[in-house]
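Observations on the three-dimensional arrangement
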Amino acid sequence: VGNLEQALEQTAEAKEVFVIGGRQLYEIALPLATRLYLTEVAAKIAGDVFFPECDWDQWRLLESLPAALDEKSALAYCFKTYQRAESMLGTNDSPE
């Protein structure tokens, strides 16, 4: 597909749609997201491209699962699931 709008049209019937980087695509999709599945790496990594700025006050942590230390990179990481706070009002939405 040529853009996010077309992709969302083609997946309109899907229960969840996943957006997998990069930064520009995240910037476009983040305002539309109601749930985030993130992998947080416990390290300061040098680079010039990062996940876009996010108002974390709008999100609630639903789950945090530490992973085993990655032997190849020696980095610790954690899988986190966030739900947009406004989308939690009046629902009993929990990770499956």
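Residues numbered from 1 in each chain as written. Predicted model: local features only at pLDDT ≥ 70, side-chain atom pairs only at ≥ 80, totals over all residues. Heavy atoms only, no water.

It is worth spelling out the environment of D70 at this point. By the secondary structure assignment, D70 is in the loop between β2 (59-66) and β3 (77-84). Residue D70 is classed as partly exposed on the basis of its relative accessible area, which comes to 28%. Each C-alpha atom, one on D70 and one on A33, is 29 Å from the other, the two residues being 37 residues apart in sequence. What D70 contacts, discounting residues up to four positions off in sequence, is L75 and Y77. (Helix = DSSP H or I, 4+ residues; strand = E, 2+ residues; numbered from the N terminus. Buried < 20%, exposed > 50% of the residue type's maximum accessible area, 1.4 Å probe, protein only. Contact = heavy atoms within 4.5 Å.)

Another aspect to go through is the confidence of the model for the chain. A low pLDDT means the predicted coordinates there should not be read in detail. In this model, the chain carries a mean pLDDT of 88, and residues with pLDDT of at least 70 account for 91%. Ranking the helices and strands of the chain by mean pLDDT puts β2 first, with 97, and helix α2 (residues 23-29) last, with 93. (pLDDT = per-residue confidence, 0-100.)

With that settled, consider the packing of aromatic side chains. Aromatic ring pairs: the centre-centre distance and the angle between the two ring planes describe each pair. Tallying each qualifying case throughout the model produces four aromatic pairs. Ring geometry for Y26 versus F51: centroids 5.3 Å apart, planes at 50 degrees, classification tilted. In this pair, Y26 sits in helix α2 while F51 sits in the loop between β1 (35-41) and β2, placing the two residues 25 residues apart along the sequence. We classify Y26 as partly exposed; its relative accessible area is 26%. A ring pair is formed by W56 and Y82, whose centres lie 4.9 Å apart and whose planes are at 45 degrees; its orientation type is tilted. Placement of the pair is W56 in the loop between β1 and β2 and Y82 in strand β3, with a sequence separation of 26 residues. Take W56: its relative accessible area is 37%, and that puts it in the partly exposed class. (Phe/Tyr/Trp six-rings, centres within 6.5 Å; stacked < 30°, edge-to-face > 60°.)

Spatially, the three strands line up as an open sheet ordered β1-β3-β2, and their pairing is antiparallel. Because the sheet does not close on itself, it has two edges, and the strands there are β1 and β2. Averaged over all adjacent pairs, the angle separating strand axes in this sheet is 25 degrees, with direction ignored. One ladder, built from seven bridges, connects β2 with β3; its direction is antiparallel. (Pairing = 2+ DSSP bridges. Axes fitted to C-alpha atoms, helices over the stretch in contact; angles between N-to-C directions.)

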